[in-house]
Amino acid sequence: MAAANGNGGTRAQGPRCIALVGPFQAGKTTLLEAILARTGAIQRPGTIEAGTTVGDASKEARHHKMSVELSVATTTFMGDSYTFIDCPGSVEFVHDMRAALPAVDAAVVVCEADEKKVPQLQLIMRELEELGIPRFLFLNKIDKAETKLMEALQLLQPASRKPLVLRQIPIWKNDIVTGFVDLALERAHVYKEHAASEVVPLEGESLEQEKTARFSMLEKLADHDDELMEQLLEDIPPPRDKVFDDLAKELREGLVVPVLMGVATRTNGVLRLLKALRHESPGVEVTVKRLGVDGGDPLAYVLKTFNTGHAGKISVVRVLSGQVGDGITLLSPEREVGRVSGTFKLLGQSSEKRGVASAGETVALGKLEYARTGNTLTAGKQAHSPLVEVKPHDPVLAISVSAKERKDDVKLGQALHKLLDEDPSVTVVHNPETHEVIVWGQGEMHLRVAAERLADRFGVAINTGRPSVGYNETIKKSVVQRGRHKKQSGGHGQFGDVVLDIKPLPRGSGFKFEDKITGGVVPRNYIPSVEEGAIGALKHGPLGFQVVDVQVALIDGSYHTVDSSDMAFQTAARIGINEGLPQCHPVLLEPIHHVEIVCPSDATAKMNAILSGRRGQILGFDTREGWDGWDVVRAKMPESEIGDLIIEVRSATAGVGSFTFKFDHMAELIGKTADQIVAARRAAE
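Here the residue numbers are simple positions, counted from 1 along each chain's written sequence. Since the coordinates come from a predicted model, pLDDT governs what is reported: local features require at least 70, and pairs of side-chain atoms require 80 or more to be given and counted, while whole-chain, interface and lining totals use all residues. To obtain the side-chain values, all non-hydrogen atoms of the structure were used and water was disregarded.

Draft legend 1. Local environment of the packing of helix α6 (residues 204–222) against helix α8 (residues 240–252). Simply put, an axis is a line fit to the C-alpha atoms, just over the touching stretch for a helix, and the angle between two N-to-C directions goes from 0 to 180 degrees. Every helix listed is a DSSP run of H or I at least four residues long, and every strand listed is a run of E at least two residues long, numbered separately from the N terminus. Running from N to C, α6 and α8 cross one another at 55°; their axes reach a closest spacing of 10 Å. Looking at the two axes, α6 sits oblique to α8. The two elements α6 and α8 cross, and the hand of that crossing is left-handed. Mapping the contact onto sequence places Arg214, Met217, Leu218, Lys220 and Leu221 in α6 and Val243, Asp246, Leu247 and Glu250 in α8. Any angle from 65 to 115 degrees is called roughly perpendicular, while one under 35 is roughly parallel, one over 145 is roughly antiparallel, and all others are oblique. Two helices cross in a left-handed way if the nearer one is turned anticlockwise from the farther one by less than a right angle. They cross in a right-handed way if the turn is clockwise. Residue contacts are defined here by distance: any two heavy atoms, one from each residue, within 4.5 Å place the two residues in contact.

Encoded structure:
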């Protein structure tokens, strides 16, 4: 649906969903406050310092003074409904943004003219580019910018594969930004504190700067419009309607990134941003087409799920077709997710009950117990195939968690399930060897917040620690060892007697058992028990770890017709293994992983130094395919050194570096390090 545009052309009608994204601490939450104040949704903007913002209202966000999950707020502007999704800027919480983006109509990328933030900006722009989402750049904090605007634009351009097109230039007075010139409207505006700007005559130096900047804007638009190019070449001033049509068309087609500016803390530039969104951003019809929705049955996409103490589980959804409301039963591709019990308009953590939601609206639905973030939900008779699948980035840091009191073990399991519901970028693994519950996440702060949620939101007191490293041990020498178990008591006794040939195997072979009995000295029915006893004994070798790459052959033994039993031969085998292994020169094995670090090229040397300092064997580096200014560094590294590697990587890359790893092989570890590991293991036992 479209309506006449006040500037000529057409604009989208109906509810819009806009993502606020950008680097960490760029001012997204503050911009949301300014938008809500400007549109009358709140009386005055709150502040992060005072903990009074609509966004970042969770206990964890307030405590850390940063966004740790997305916030949703719906407001109206000039008769249109807008839902703003305020997304975390930290790379550790980026999955909230990535999961929500597919169903938004456009994004406002909030950033500063800061060269250090360019790699963070590039990560976000790349996500938007790959999804084909129209985007504006809002250059925030221009009152504190240390570079001229054109220089700032050149600074930020490498972060975007599409041209940044300046829509405004600042008006300076005594080194202070007092207003702006709108290059499309050709009007000068002076800022007013927490009020709409005032139009002033465009004259003098501002007029000259406007002519130069406007021509530059038109040149970039003309790259995709032959008619406009001809007008520029012939010095014919293009009609204003033509300029606005081109701006809207090229934004929606992802050909350009319009750049607006302001100061969110003073609500400067917010009204101009809202008008640009109103006239130029696409509506749900374009989003539906991009996602390949055919229409028909009611269809919604789950942007985020929350488990709230008072209202239970709520699912934030964007309705893409049809109507969704109370009493309707919804299906995901996997199963029926539940019957809607409550439809709500959101303003941060406050909610207001409302009626049925139509296509384009973003609402919260109550009590959909089996809905997951990223689900495609339908009210049709058959489930709809997933519109998109957003897989979380591979986790990079882990902690072990356990309930402080054993009686809370079940409660911890339920809390972890809710945590995974809310945040799919968390991974929970149960280690069967160490009996640890391992929680994997995207970084130190991500895991800290996860632990805080388990304790505060879900009410489970927990202990956390570093997960155990997957050490094994093996043997270097063969030995033949007898294992004899004889016990006499009232009635039947116990008797088992085996002779075992214990040999090392090549690395990676695991365990092999051979039966070399001849003459029936050990009856056939007891041989499986011998193997079972050997396997049990190898779970805990002389160094304290599981023994691998070992062959055990049963070569001799004896039995008693009355006292022998399966249990007796199991015990005899365990005795033989336990007594034989210390004679086999046991050695420690540590897991070695293949690691790939991605980082800006100027940090590659730092990565090499970090890897070398962590016993890494550097294999080399290459340019990252499709990423200008980025490298991929490859190495082999012990698992024990990977534990907190991400903290050092992020510190050296202004928060943007990351890595993936996979198991490569087990390697012998000797010397002081091995002695310390074995001593720590024995002390723990």
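Draft legend 2. View of the nonpolar core. In terms of nonpolar packing, the biggest core is built from 72 residues, with Val21, Leu128 and Leu137 touching the most fellow members. Put simply, buried Ala, Val, Leu, Ile, Met, Phe, Trp, Tyr and Cys residues joined by side-chain atoms within 4.5 Å make one nonpolar core. The classification of residues rests on relative accessible area computed with a 1.4 Å probe and restricted to protein chains. Under 20% of the type maximum is buried, over 50% is exposed, and intermediate values are partly exposed. The next biggest cluster of nonpolar side chains, apart from the first, holds 35 residues, and it includes Ala415, Leu419, Val439 and Ile597.

Draft legend 3. Main features of the environment of Leu588. Tracing the backbone shows Leu588 in strand β33 (residues 586–600). The class of Leu588 is buried, set by a relative accessible area of 2%. Spatially, the C-alpha atoms of Leu588 and Val256 are 58 Å apart, while their sequence positions differ by 332 residues. Apart from the residues lying within four places of it in its own chain, the contact partners of Leu588 are Tyr471, Asn472, Glu473, Leu543, Phe545, Ala667, Glu668, Leu669, Ala674 and Ile677.

Draft legend 4. Local environment of the pairing of strand β20 (residues 350–353). As paired strands, strand β19 (residues 343–347) and β20 are joined by four bridges and run antiparallel to one another. Each bridged residue has a counterpart across the sheet, and for Leu346 the counterpart in β20 is Ser351. Any two strands with at least two DSSP-identified bridges between them are counted as paired. Between β19 and β20, which follow one another and run antiparallel, lie two residues, and Gly348 among them has a positive phi close to 70°.

Draft legend 5. Local environment of the sheet that holds strand β12 (residues 195–200). Taken together, four strands build an open sheet; the order of strands is β9-β10-β11-β12 and the sheet is antiparallel. This sheet does not close on itself; its edge strands, each paired only once, are β9 (168–173) and β12. For this sheet the average axis-to-axis angle between neighbouring strands, irrespective of direction, equals 35°. Where strand β10 (residues 176–182) lies against strand β11 (residues 187–192), four bridges are found, and the strand directions are antiparallel. Residue pairing for β11: Gly179 is matched across the bridge by Val190.

Draft legend 6. Geometry of the confidence of the model for the protein chain. Summary of the metric used: pLDDT quantifies the predictor's per-residue confidence within the range 0 to 100. Averaged over all residues, the pLDDT of the protein chain is 91; the fraction at 70 or higher stands at 98%. Mean pLDDT across the elements of the protein chain ranges from a minimum in strand β1 (residues 2–4), with 53, to a maximum in strand β3 (residues 16–21), with 98. Of the regions scoring below 50 in pLDDT, residues 4–9 engages in 14 contacts with residues more than four places distant in sequence or in other chains.

Draft legend 7. Structural view of the sheet that holds strand β32 (residues 550–558). The four strands are arranged β29-β30-β32-β31 in an open sheet whose pairing can be described as mixed. Looking along the sheet, the strands with just one partner apiece sit at the ends: β29 (479–487) and β31 (511–515). Neighbouring strand axes in the sheet, compared pairwise and without regard to direction, differ in orientation by 25° on average. The sheet strands contacting helix α13 (residues 527–537) are β30 (494–504), β31 and β32, and the helix crosses β31 at an angle near 155°. Of the strands in this sheet, β29, β30 and β32 touch helix α14 (residues 566–580), which is tilted by about 40° from β30.

Draft legend 8. Region of interest: the pattern of salt bridges. Take a side-chain nitrogen of Lys or Arg and a carboxyl oxygen of Asp or Glu: if they are within 4 Å of each other, that pair is a salt bridge. Applying the stated criterion to the full structure yields 48 salt bridges. Salt-bridge contacts for Lys242 lead to Glu227; the nearest nitrogen and oxygen are separated by 3.6 Å. Separated by 15 residues along the polypeptide, Lys242 in helix α8 and Glu227 in helix α7 (residues 226–233) bring together distant segments of the chain. Looking at Lys242, the relative accessible area reads 19%, which means it is buried. The partner of Lys313 in a salt bridge is Asp421, with the nearest N and O atoms 2.8 Å apart. Separated by 108 residues along the polypeptide, Lys313 in strand β15 (residues 312–321) and Asp421 in helix α11 (residues 409–422) bring together distant segments of the chain. Each member of the pair, Lys313 as well as Asp421, is classed as buried. Each of the salt bridges in this network shares a partner with another, and the network as a whole consists of Glu60, Glu69, Glu422, Arg453 and Arg457.

Draft legend 9. Seen up close, the environment of Val428. Positionally, Val428 belongs in strand β25 (residues 427–431). Residues Val428 and Gly441 lie 13 residues apart in sequence; the distance between their C-alpha atoms is 9.0 Å. Each residue touching Val428, except ones within four places of it in the same chain, is listed here: Leu416, Leu420, Val437, Ile438 and Val439.

Draft legend 10. Local environment of the side chain of Arg135. Summarising the element assignment, Arg135 is placed in strand β7 (residues 135–139). Buried charge Arg135 goes without a salt bridge, the closest partner of opposite sign being Glu129 at 4.5 Å. In terms of polar contacts, Arg135 uses its side chain to reach the backbone carbonyl oxygen of Ile133, at 2.7 Å. Positive residues here are Lys and Arg, negative ones are Asp and Glu, while His and the chain termini are left out of the count. Throughout this description, a polar contact denotes any pair of N or O atoms lying within 3.5 Å of each other; where both atoms belong to protein, one of them has to be capable of donating a hydrogen while the other can accept it, and for residues adjacent in sequence the pair is counted only when both atoms sit in side chains.

Draft legend 11. Fine view of the side chain of Thr474. Turning to its location among the elements, Thr474 is positioned in strand β28 (residues 472–475). Classification of Thr474 as buried rests on a relative accessible area of 2%. Among the polar contacts listed, one links the side chain of Thr474 to the backbone oxygen of Val548, at a separation of 2.8 Å. Non-local contacts of Thr474, meaning those with residues more than four positions away in its chain, are made with Arg507, Val547, Val548, Asp549, His585, Pro586, Val587 and Leu589.

Draft legend 12. Representation of the packing of aromatic side chains in the model. The criterion for an aromatic pair is that two Phe, Tyr or Trp rings (for Trp, the six-membered ring) have centres within 6.5 Å, with stacked assigned to planes under 30 degrees apart, edge-to-face to planes over 60 apart and tilted to the rest. Counted by the stated rule, this structure contains seven aromatic pairs. Between Phe180 and Tyr191, the aromatic rings sit 5.8 Å apart at their centres with planes inclined by 40°, giving tilted as the arrangement. Pair noted here: Phe180 is in strand β10 and Tyr191 is in strand β11, with a separation of eleven residues, a long-range link. As far as the burial class goes, Phe180 and Tyr191 line up, both buried. With a centroid separation of 5.4 Å and an interplanar angle of 65°, the aromatic rings of Trp627 and Trp630 are classed as edge-to-face. Of the residues examined, Trp627 reaches a relative accessible area of 13% and is grouped as buried. In this structure Trp630 comes out as buried when scored by relative accessible area, which is 2%. Members of the aromatic cluster, connected to one another through ring pairs, are Trp440, Phe659 and Phe661. Looking at Lys304, its charged tip hangs above the ring of Phe306, at a distance of 5.5 Å from the centre. We call a charge positioned over a ring when the NZ of a Lys or the CZ of an Arg lies within 6 Å of the ring centre and within 35 degrees of the ring normal. The side chain of Arg335 reaches across the aromatic face of Tyr370, ending 3.5 Å from its centre.

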